[in-house]
Amino acid sequence: MPITITNVKCILTAPAGIGLAVVKVETSDAGLYGVGCATFTQRLTLVKAAVEDYLRPLLIGRDVSRIEDIWQLCYQNSYWRNGPALNNAISGVDQALWDIKGKLAKMPLYDLLGGKSRDGVAIYRHADGRDPQEVLDNVYRLKEQGVMYIRCQLGGYGGPAKQDQALGSRAKRTARKTERPYNNVSVYGGIKGQARSPEGALPGEYYDPDVYMRSVEKMFDYIRSKIGFETPLLHDVHERLPPIEAVRFAKALEPYRLFFLEDALAPEDIEWFRRIRQHATVPLAMGELFTHPLEWKPLIVEQLIDFIRVHISDIGGITPARKLAALCEAFGVRTAWHGPGDVSPVGHAANVHLDLHLHNFGIQEFSGFPDPLQEVFPGCPELRNGYLYANDKPGLGIDVDEKQAAKYPIHGDMGQFKGGVIYWTQSRLPDGTLWRP
Ligand code: GCO
Ligand code: MG
């Protein structure tokens, strides 16, 4: 008699102030259930509706062992398919079914997939700062913690000094009074840039790509002059440049010997990777915004990138991630799964199990597990001296404590939301044009 699905529910919680979505699949075998990450933090209630209104009635009564069949069933059941909301809903179910399969096999997922290729997962963490010295201070701090790979960002994404972002928000306040909202010489690490906005420019998070590029070059010049070249450094462009500028920027960063340069282009511009490849040798990472194989196939098959950076729940979970990793291995592309604060610890556990197993593992982004997260999600992977370690419990080895989760409800004034609205993605060029966030 097969074990069948008896309930599928989506738990929304924000223990660290960032909204997370985790799916729990309950079964006909009393006490046997699985958990899976479905976190699309910008549209959580959409994912919850997709899980509970559509996948739950579709899946109740189905055999938990049929993971591939259930994945394909969920994927095509909506006819119009793919996209972050639907894929995240499917991921929650998919990861939970892999968790269940591991529990039934009494094996941790990495074992079920074929065993370990390594015993610890090397991670990178973020060193941010408002000027090159502050970034460097954070590089030293992370190195003291044993972190071996470090991403360096100047003022977050798009690079402007916090003051500019403050001006941006000031632009919000003053724009309504139609005053001249934003005409500031952006002085950044000695870089001057004229950010000029027209009268009546709309509110937004303004940044100047030219100031960003020149200040980041200076930042890496400064940091390399202080720490040398032993520490692998990374940088995230975050799709913030016009394509030709991305070509110029990749070439300009070559002297600083980056481990990789991330999201040099927006998904809408990925054909420009051919031109970046013609002009620069900096290793390229891409993928956190991808949801569809049509986006990654050309980059992998033509070897236009070196690291695939998908957000595993955005592509539909462990089932498609395994297939993607196998495709990458055939073309010399390594994994670097997305691992920010808006991946749940269940999602980070799925990352780590894949990382432990896959031959073509590259590096794992990691954002830490503050105490409230560990309270809600017992069994978080452990970070020790720059490596993440999964426990040896069966399945994903992590749980969700629903009572604790209920202590941290999602609401409109948390994480990326202010009054129910996200501002940071309202990024604008100096003349007020909305530009990819
Ligand atoms: C990264 C990402 C994140 C995203 C965030 C969006 O490299 O970790 O760029 O910082 O901006 O996950 O919600
Ligand atoms: Mg990124």
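Residues numbered from 1 in each chain as written. Chains lettered and ligands numbered in written order. Predicted model: local features only at pLDDT ≥ 70, side-chain atom pairs only at ≥ 80, totals over all residues. Heavy atoms only, no water.

The name recorded for the protein chain in an unreviewed UniProt entry is Starvation-sensing protein RspA, from Candidatus Thermofonsia Clade 3 bacterium.

**Q** Requested: an account of the sheet that holds strand 1 (residues 5–13), with residues and values cited.
**A** The strand order 1-2-3 describes an open sheet built from three strands, whose pairing is antiparallel. Edge strands, defined here as strands with exactly one partner in the open sheet, are strand 1 and strand 3 (33–37). Strand-to-strand, the axes of this sheet are offset by a mean angle of 20°, without reference to chain direction. Here strand 1 runs beside strand 2 (residues 20–27); their pairing, made up of eight bridges, is antiparallel. (Pairing = 2+ DSSP bridges. Helix = DSSP H or I, 4+ residues; strand = E, 2+ residues; numbered from the N terminus. Axes fitted to C-alpha atoms, helices over the stretch in contact; angles between N-to-C directions.)

**Q** Outline the site of ligand 1, listing residues and values.
**A** Close contacts around ligand 1 come from 14 residues, with Gln 42, Tyr 157, His 238, Glu 288 and Glu 365 the closest. A distance of 2.7 Å is found between an oxygen atom of ligand 1 and a side-chain nitrogen or oxygen belonging to His 238. Here Arg 309 contributes a side-chain N or O atom positioned 3.1 Å from an oxygen atom of ligand 1. Burial of ligand 1 by the protein chains amounts to 91% of its free accessible area of 340 Å². (Near = heavy atom within 4 Å. Polar contact = N/O pair within 3.5 Å; in protein donor to acceptor, adjacent residues only side chain to side chain. Areas by Shrake-Rupley, 256 points an atom, 1.4 Å probe, with all protein chains shown as cover.)

**Q** An account of the layout of surface pockets is needed here, citing residue identities and associated values.
**A** Taken as a whole, the second largest pocket encloses approximately 230 Å³ of empty space. Along its surface, the second largest pocket is lined by 15 residues, and Trp 71, Pro 293, Trp 296, Pro 320 and Lys 323 are the ones closest to its centre. When residues of the lining of the second largest pocket are traced back to their parent elements, those giving at least two are helix 2 (67–77), helix 10 (293–301) and helix 12 (318–330). Counting residues per element, the lining of the second largest pocket draws most heavily on helix 12, at five residues. In the lining of the second largest pocket, the residues fall into eight nonpolar, five polar and two charged. (1 Å grid on protein atoms, 1.4 Å probe; cavity = no way out; pocket = protein on both sides within 12 Å on 5 of 7 lines; lining within 4 Å. Points joined across faces, edges and corners; volume = space filled by probe spheres on them. Nonpolar A, V, L, I, M, F, W, Y, C, P; charged D, E, K, R; others polar.)

**Q** Outline the nonpolar core, listing residues and values.
**A** Phe 273, Ile 308, Trp 337 and Phe 377 are the most contacted members of the largest nonpolar core, which totals 116 residues. Residues Ala 122, Leu 234, Phe 259 and Ala 336 belong to the second largest nonpolar core, which totals ten residues. (Core = buried A, V, L, I, M, F, W, Y, C linked by side-chain atoms within 4.5 Å. Buried < 20%, exposed > 50% of the residue type's maximum accessible area, 1.4 Å probe, protein only.)

**Q** Describe the side chain of Thr 335, and please don't skip the residues or the numbers.
**A** Within the secondary structure layout, Thr 335 lies in strand 13 (residues 334–335). Looking at Thr 335, the relative accessible area reads 0%, which means it is buried. If sequence neighbours within four positions are ignored, Thr 335 has contacts with Phe 307, Ile 308, Ala 325, Asp 355, Leu 358, Asn 360, Phe 361, Gly 362 and Ile 363. (Contact = heavy atoms within 4.5 Å.)

**Q** Got a sec to walk through the coordination of the magnesium ion (ligand 2)? Specific residues and values, please.
**A** Protein ligation of the magnesium ion (ligand 2) involves Asp 236 (OD), Glu 262 (OE) and Glu 288 (OE), the donor distances falling in the range 2.0 to 2.2 Å. The sequence motif formed by the donor residues of the magnesium ion (ligand 2) is D-x25-E-x25-E. Within this pair, whereas Asp 236 is found in strand 9 (residues 233–236), its partner Glu 262 is found in strand 10 (residues 260–262), the two being separated by 26 residues in sequence. An identical accessibility class is assigned to Asp 236 and Glu 262; each is buried. (Donors = N, O, S within 2.8 Å, 3.2 Å for Na, K, Ca; no water.)

**Q** An account of the packing of helix 7 (residues 209–227) against helix 8 (residues 243–252) is needed here, citing residue identities and associated values.
**A** Put simply, helix 7 and helix 8 touch, their axes get as near as 11 Å, and they point 10° apart. One way to sum up the angle between helix 7 and helix 8 is to call them roughly parallel. Where helix 7 approaches helix 8, its residues Tyr 212, Met 213, Val 216 and Glu 217 are matched on the opposing element by Glu 245, Phe 249 and Ala 252. (Parallel < 35°, antiparallel > 145°, perpendicular 65-115°, else oblique.)

**Q** Give me the pattern of salt bridges: which residues, what numbers.
**A** Taken as a whole and judged by the stated rule, the model has 22 salt bridges. Across the pair Asp 236 and Arg 151 runs a salt bridge, and its minimum N-O distance is 3.3 Å. Within this pair, whereas Asp 236 is found in strand 9, its partner Arg 151 is found in strand 5 (residues 149–154), the two being separated by 85 residues in sequence. The partner of Asp 306 in a salt bridge is Arg 277, and the shortest N-O contact between them spans 2.8 Å. In this pair, Asp 306 sits in the loop between helix 10 and strand 12 (307–308) while Arg 277 sits in helix 9 (residues 273–279), placing the two residues 29 residues apart along the sequence. Arg 277 gets classed as partly exposed once you look at its relative accessible area, which sits at 26%. What emerges from the salt-bridge pattern is a single network uniting Arg 151, Asp 236, Glu 262, Glu 288, Arg 309 and Glu 365. (Salt bridge = Lys/Arg side-chain N within 4 Å of Asp/Glu carboxyl O.)

**Q** Which residues make up the packing of helix 5 (residues 132–144) against helix 7, and what are the values?
**A** Where helix 5 contacts helix 7, the axes come no closer than 9 Å and their chain directions differ by 45°. Here helix 5 is positioned oblique relative to helix 7, judged by the angle of their axes. Judged by the sense of rotation from one axis to the other, the crossing of helix 5 with helix 7 is right-handed. Of the residues in helix 7, those touching helix 5 at Pro 132, Gln 133, Val 135, Leu 136, Val 139 and Tyr 140 are Met 219, Tyr 222, Ile 223, Lys 226 and Ile 227. (Left-handed = near helix turned anticlockwise from the far one by under 90°.)

**Q** Tell me what's going on with unusual backbone geometry, and back it up with residues and numbers.
**A** Positive phi, normally seen in glycine, also occurs at Lys 106, with a value near 55°. Mapping Lys 106 onto the fold places it in the loop between helix 3 (84–105) and helix 4 (109–112). Overall, Lys 106 belongs to the exposed group, its relative accessible area being 71%. The backbone of His 238 shows a phi angle near 60°, a positive value even though the residue is not glycine. With respect to the helices, strands and loops of the structure, His 238 is situated in the loop between strand 9 and helix 8.

**Q** Lay out the pairing of strand 3 with the relevant residues and their values.
**A** Where burial is concerned, most of strand 3 is hidden: five out of the five residues are buried. Where burial is concerned, the two faces of strand 3 agree: the one with Tyr 33, Val 35 and Cys 37 and the one with Gly 34 and Gly 36 are both buried. If you look at the hairpin formed by strand 2 and strand 3, you'll find five residues sitting between the two strands, and Gly 31 has a positive phi there, around 85°.

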